[in-house]
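# Structure assessment
So you can see what is in the structure, the chains are spelled out below.
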Amino acid sequence: MRYSLVSRFRGAFLGAFLGECIASQEGHDINLGRLAVISTNSLIRLGRLDINDWLEHRQLGANNSWGEIILATLPVALFFHESPIKLKQNLLQVLKIWGQDDPILQSATLAFGYAIAQSLVEKLHPFTLIPQTIEFLEVSSNSLTENLLKVNNLLEQSASLEIAQDVLNQSEKLSYNFALSFYCFLSTLEDFRLAVLRATHQDSYGEKQAISTITAALSGTYNSTAGLPVSWQVLFSPKNSPAWGLNSFSQMLELSDALVAVWSGLYELTPNQSYHTTAKCPPSFAAPRVIRPR
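First, a word on scope: everything that follows refers to the structure included in this document.

Parameters and conventions
Residues numbered from 1 in each chain as written. Predicted model: local features only at pLDDT ≥ 70, side-chain atom pairs only at ≥ 80, totals over all residues. Heavy atoms only, no water. Helix = DSSP H or I, 4+ residues; strand = E, 2+ residues; numbered from the N terminus. Buried < 20%, exposed > 50% of the residue type's maximum accessible area, 1.4 Å probe, protein only. Contact = heavy atoms within 4.5 Å. Areas by Shrake-Rupley, 256 points an atom, 1.4 Å probe, with all protein chains shown as cover. Core = buried A, V, L, I, M, F, W, Y, C linked by side-chain atoms within 4.5 Å. Axes fitted to C-alpha atoms, helices over the stretch in contact; angles between N-to-C directions. Parallel < 35°, antiparallel > 145°, perpendicular 65-115°, else oblique. Left-handed = near helix turned anticlockwise from the far one by under 90°. Nonpolar A, V, L, I, M, F, W, Y, C, P; charged D, E, K, R; others polar. Arc of directions from axis to C-beta. Salt bridge = Lys/Arg side-chain N within 4 Å of Asp/Glu carboxyl O. Phe/Tyr/Trp six-rings, centres within 6.5 Å; stacked < 30°, edge-to-face > 60°. Lys NZ or Arg CZ within 6 Å of the ring centre and 35° of its normal.

Further remarks concern the overall build of the protein chain. Counting its regular elements, the protein chain contains 15 helices and zero strands. The buried share of the protein chain, taken over its 294 residues, is 58%. Here the analysis covers contacts within the protein chain between residues at least 6 apart in sequence; of these, 71% occur between residues at least 24 apart. Carbon and sulfur atoms form 50% of the exposed surface of the protein chain, whose accessible area is close to 12600 Å².

What follows deals with the nonpolar core. Ranked by internal contacts, the top residues of the largest apolar core, which has 98 residues, are Phe17, Leu78, Phe112, Phe178, Phe182, Leu186 and Trp244. The biggest single contributor to this core is helix α7 (residues 103-120), with 11 residues. Discounting chain neighbours no more than four positions away, the residues touching Phe112 are Ile70, Thr73, Leu74, Phe178, Ile214, Ala217 and Leu218.

Moving on, we come to the packing of helix α1 (residues 5-23) against helix α12 (residues 192-200). Closest axis-to-axis distance for the α1/α12 pair is 10 Å, and the angle between their directions is 40°. Judged on the interaxial angle alone, α12 and α1 are oblique. Where α1 crosses over α12, the handedness of that crossing is right-handed. Residues Gly15, Leu18, Gly19, Ile22 and Ala23 of α1 form the contact with α12, whose own contacting residues are Phe192, Val196, Leu197 and Thr200. For the contact of α1 with α12, the residue count by class is six nonpolar, three polar and no charged.

Bringing helix α8 (residues 129-137) into the picture now. Turning to α8, its buried residues are Leu129, Ile130, Thr133, Ile134, Phe136 and Leu137. Take α8 and look down its axis: the buried residues cluster within an arc of 155°, on one side only.

Time to look at the environment of Leu105. With respect to the helices, strands and loops of the structure, Leu105 is situated in helix α7. Sequence-wise, Leu105 and Leu144 are 39 residues apart; in three dimensions their C-alpha atoms are separated by 9.0 Å.

Let's shift gears to the side chain of Thr109. Within the element layout of this structure, Thr109 appears in helix α7. Looking at Thr109, the relative accessible area reads 0%, which means it is buried. Not counting residues up to four positions away in its chain, the partners in contact with Thr109 are Ile70, Thr73, Leu91 and Leu95.

All right, on to the pattern of salt bridges then. This structure, assessed with the given rule, holds eight salt bridges. Among the ionic pairs, Arg2 bridges to Glu190, the shortest N-O distance being 2.8 Å. Remark: Glu190 occurs in the loop between α11 (173-187) and α12 and Arg2 occurs in the segment before α1; sequence separation between them is 188 residues. Classification of Arg2 as partly exposed rests on a relative accessible area of 45%. Assessed through its relative accessible area of 48%, Glu190 is described here as partly exposed. A salt bridge links Arg48 to Asp50; the shortest N-O distance between them is 3.3 Å. Assessed through its relative accessible area of 37%, Arg48 is described here as partly exposed. You can call Asp50 buried: its relative accessible area is 18%.

As a further point, take the packing of aromatic side chains. Tallied over the full model, the rule gives six aromatic pairs. Both rings, one in Phe17 and one in Trp244, keep their centres 5.7 Å apart while their planes meet at 85°; by these two values the pair is edge-to-face. With Phe17 in helix α1 and Trp244 in the loop between α14 (230-236) and α15 (249-264), this residue pair connects regions lying 227 residues apart in the sequence. Classification of Trp244 by relative accessible area gives buried; the value is 2%. When the ring of Phe79 is compared with that of Phe80, the centres are 5.1 Å apart and the planes differ by 80°; the resulting orientation is edge-to-face. The exposure class assigned to Phe80 is buried, which follows from its relative accessible area of 4%. A cation over an aromatic ring shows up here: Lys88 above the ring of Phe136, its NZ or CZ 4.9 Å from the ring centre.

So yeah, pure geometry; function would need other evidence.
Rendered as structure tokens:
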């Protein structure tokens, strides 16, 4: 395995956070990931997906943006990454919270989750991910699948970002912005910093934060914490300015580690604690697919 799951889980959370920070230097609130924190805590506390538990939080509602909704599914994609069937079932279940029947948002959420899962199982290839993703979606052609196929052609041609902007269909906001995120991620697959910087230069429909954050979550998962610039981590460490409802990078890391621990079948993990703080002796893990509660 190129990177450990712990490192990739951490990379997903920290990457998304850094992506939003880089796109928000004008002083906007860093809040796109607050729903992801809520959903992560629920999975840690219960060890399974429970929609009713999510619904107890007032932050979930009709006013949530597409970026917030897709990012809220990040911990679900991480938690169910090893089973494509469970991954799809649970992602679709989450969308019911918002009563979403928008086929574009549904396709984007599934595509995001599938890409996260492929990174975690180390089967992601830039020239095969999109055809595999469209097969995973199992939907008839829509504006998102059409734009994703165009991204695939652009990657094969090594086309520039400017060409990608011209080629992609801009008639539907979400499909265009999400396809741009996929392009920025896949065209600079091994370079988290460059992927995010390219994404932050996209402000179509005023959605720079969402484009950058989704790109960064994808790239952070693929490149793990090893690929995250240390200078960015130091610069945006939220020591005195809470973001996502958290106070520091250490809290974010503990949240990520606890999610890995519950997924792995760690014994004696109590609510709101990471495996760094639950016991004086090293924790015990179950082998994959052996003692993981579902």
